[in-house]
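Residue strings, one per chain:
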Amino acid sequence: SEKYFDVLGMYIPVFLTPNPKLLSDFISNFQTRADDVFVVTYPKSVTNCMQEIIWQIYNNGENISEVISRRVPFLEFSTNPTLGEFVDITKLPSPRLIKSHLSYNIIPKGSSDDTKCKYMYIARNPKDFSLSYFHFMESLNSFGNGYSGPWEFFSKLFIDGNVGRNRSNNHVLGWWKHKDDPNFLFLKYEDLKKDLLSQVQWIASFLNKSLSEDVISRIAEQCSFSVMMKDLSKYSVNEGKVCLLRKAVVVDWKNYFTPELNERFEKEVLSKLEGTGLEFDFEL
Ligand code: PPS
């Protein structure tokens, strides 16, 4: 099974960094800039689509074939120059668009007007992303970093928080508490699936980008799952060997959750969200 380092209290897959102290120090000392934009998710919550949306918003709807992780780089790759997708974020010109799976308490934050940047968090219903996570870990297995057991066991690891980035509820609720902060936008995967166009409009206005209706429609079209699927090499890691897109449906969990697993999931994952105001669609 996947091996992890403890980085500032979070399980991080060992292939992300040669040394956990190096990554802890990098995160703790990272200097944000006022015009940085972070796209943050728990894994498998449509990060790639959101990276593409914000890149196109900043580039007037342009759609290019350069791999997305080089245009909107992944913060947690920053201490491993051997990775094909490594980008030295500290040297990028502003504005920097950055992807991360870090929790709210450890993500780099600025303290003054010159360093306070924007964050967008995308949450997804946990039944679907636990399954997406399982398929992703299976696809990493041939590179020695993944998971080769059955779904039933993976789902237990997931519920107990014994997966990369620990318990999903802690991650999502940590960010949810900040949903009303002025520099923060909280989005849901299922809303993107329902109406991508209005979500793109909302994101553009949060980023203070005034784009024509034509450009907004073009971005929504270009970031739809069917169009992104036509250019899979853009949304792959490990130099194209692992693809980050798969099925993009909201009810796939029904094909995998037995009544027993469903009951355990309801009790140990979903019931912990009750009373927080955070709710998800499980069917569209
Ligand atoms: S990663 O590895 O954490 O960065 O992966 P991430 O991009 O967050 O999540 C991958 C899942 O998002 C689905 N996806 C999309 N769904 C709808 N529309 C668009 N445009 C889109 N792009 C990616 C992708 O298929 C993965 O979900 P599953 O359920 O596995 O298909």
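Structural data are supplied above this passage.
Rules and cut-offs
- In this convention, every chain numbers its residues from 1, walking through the sequence in written order.
- Local features in this predicted model are restricted to residues of pLDDT 70 or higher, and side-chain atom pairs are both shown and tallied only at a pLDDT of 80 or more, whereas totals for entire chains, interfaces and linings draw on every residue.
- With hydrogens and water set aside, each side-chain value is computed from the structure's full complement of heavy atoms.
- Here a helix means four or more residues in a row that DSSP labels H or I, a strand means two or more in a row labelled E, and each is numbered from the N terminus.
- The globule rule used here is 2.2 Å times the number of residues to the 0.38 power, and the radius of gyration it is set against is calculated over C-alpha atoms.
- Each residue is placed in one exposure class: buried if its accessible area under a 1.4 Å probe, protein chains only, is under 20% of its type's maximum, exposed if it is over 50%, and partly exposed if it falls in between.
- The contact definition used throughout considers only heavy atoms, calling two residues in contact when any of these lie within 4.5 Å.
- The Shrake-Rupley method, run with a 1.4 Å probe sphere, supplies the accessible areas, and residue values consider only the shown protein chains as cover.
- In summary, the charge assignment counts Lys and Arg as positive and Asp and Glu as negative, without counting His or the chain termini.
- By convention, the point assigned to a charge is CZ for Arg, NZ for Lys, CD for Glu and CG for Asp.
- Ring geometry is summarised as follows: Phe, Tyr and Trp rings, the Trp one being its six-membered ring, pair when their centres sit within 6.5 Å, and such pairs are stacked at plane angles under 30 degrees, edge-to-face over 60 and tilted between the two.
- If DSSP finds at least two bridges between two strands, the strands pair.
- Fitted lines through C-alpha atoms give the axes, limited to the stretch in contact for helices. The angle between two N-to-C directions lies from 0 to 180 degrees.
- To qualify as a nonpolar core, a set must consist of buried Ala, Val, Leu, Ile, Met, Phe, Trp, Tyr and Cys residues joined through side-chain atoms within 4.5 Å.
- Throughout, the term near means that a residue has one or more heavy atoms lying within 4 Å of the molecule or strand in question.
- For the purposes of these results, a polar contact is taken to be a pair of N or O atoms within 3.5 Å, where, inside protein, one atom must be able to donate a hydrogen and its partner to accept one; residues adjacent in sequence count only when each atom of the pair is a side-chain atom.
- It is the directions from the helix axis to the C-beta atoms whose arc is reported.

**Comments concerning the overall build of the chain**
Working step 1: Of the regular secondary structure elements, the chain holds 11 helices and eight strands.
Working step 2: Rg of the C-alpha trace for the chain: 18 Å, near the compact-globule value of 19 Å for 284 residues, within the 12% margin.
Working step 3: Taken along the three principal axes of its C-alpha coordinates, the chain extends 50 × 40 × 40 Å.
Working step 4: Across the 284 residues in the chain, those meeting the buried criterion constitute 55%.
Working step 5: Considering only contacts in the chain between residues 6 or more positions apart, those separated by 24 or more positions represent 71%.
Working step 6: Counting only carbon and sulfur atoms, one obtains 49% of the accessible surface of the chain, whose full area is about 12,700 Å².
Working step 7: Taking the average place of the 33 positive charges on the side chains of the chain and the average place of its 36 negative ones, the gap between the two points comes to 3 Å.

**What about the packing of aromatic side chains?**
Working step 1: The full count for this structure, using the stated rule, is 28 aromatic pairs.
Working step 2: A centroid spacing of 5.5 Å and a plane angle of 20° characterise the contact between Tyr121 and Trp175, whose relative ring orientation is stacked. Within this pair, whereas Tyr121 is found in strand S5 (residues 118-123), its partner Trp175 is found in helix H6 (residues 168-176), the two being separated by 54 residues in sequence.
Working step 3: Taking relative accessible area as the criterion, Tyr121 reaches 1% and is therefore assigned buried.
Working step 4: Here the aromatic rings of Phe129 and Phe158 are separated by 5.7 Å at their centres, their planes lie at 70°, and the arrangement is edge-to-face. Of this pair, Phe129 sits in helix H4 (residues 126-140) while Phe158 sits in helix H5 (residues 151-159), and the two are 29 residues apart along the sequence.

**Quick notes on the sheet that holds strand S6 (residues 184-188)**
Working step 1: Taken together, the four strands give an open sheet; going across it, the order is S4-S3-S5-S6, and neighbouring strands pair in parallel fashion. Here the strands that pair on one side only, and so sit at the sheet edges, are strand S4 (97-100) and S6. Neighbour-to-neighbour, the strand axes of the sheet open up by a mean angle of 20°, direction not taken into account.
Working step 2: Contacting S5 and S6, helix H8 (residues 196-206) crosses the sheet at an angle of about 170° to S6.

**Focus: the nonpolar core**
Working step 1: Grouped together as the largest cluster of nonpolar side chains are 57 residues, with contacts concentrated most on Phe38, Tyr121, Phe154 and Phe186.
Working step 2: Top contributing element to this core by residue count: H4, with seven residues.
Working step 3: If we ignore the near neighbours within four places in the chain, the residues touching Tyr121 are Val40, Thr41, Tyr42, His171, Val172, Trp175, Phe184, Leu185, Phe186 and Leu187.
Working step 4: Ile53, Leu207, Met228 and Leu245 belong to the second largest nonpolar core, which has 34 residues in total.

**A word on the site of the ligand**
Working step 1: Contacts to the ligand come from 22 residues, most closely from Thr47, Ser132, Arg246, Lys247 and Ala248.
Working step 2: Within the contact set of the ligand, an oxygen atom lies 2.8 Å away from a backbone nitrogen or oxygen of Lys44.
Working step 3: Interatomic distance of 2.3 Å between a side-chain N/O atom of Thr47 and an oxygen atom of the ligand.
Working step 4: In isolation the ligand exposes 640 Å². Once the protein is present, 96% of that is buried.
Working step 5: Looking at the shell around the ligand, the elements that each hand over two or more residues are helix H2 (47-58), helix H7 (189-194) and helix H10 (225-228).
Working step 6: The leading source of residues in the shell around the ligand is H2, at three residues.

**Considerations on the pairing of strand S3 (residues 37-41)**
Working step 1: Counting buried positions along S3 gives five out of five residues, so the element sits mostly inside the fold.
Working step 2: Because side chains alternate across S3, one face comprises the buried residues Val37, Val39 and Thr41, and the other comprises Phe38 and Val40, equally buried.

**Considering helix H1 (residues 20-29)**
Working step 1: Listed in full, the buried residues belonging to H1 are Leu23, Ser24, Phe26 and Ile27. Seen end-on, H1 carries its buried residues on one side only, within an arc spanning 165°. Across from the buried face of H1, at angles greater than 90 degrees, the exposed residues are Lys21 and Asn29.
Working step 2: On the buried face of H1, the contacting elements are strand S1 (4-7) and strand S2 (10-13).

**A word on the side chain of Asn80**
Working step 1: Residue position: Asn80 is located in the loop between helix H3 (68-71) and S4.
Working step 2: Of the residues examined, Asn80 reaches a relative accessible area of 8% and is grouped as buried.
Working step 3: One polar contact links the side chain of Asn80 to the main-chain carbonyl oxygen of Phe15, over a distance of 2.9 Å.
Working step 4: Once residues within four sequence positions are removed from consideration, Asn80 is found in contact with Phe15, Leu16, Thr17, Pro18 and Phe86.

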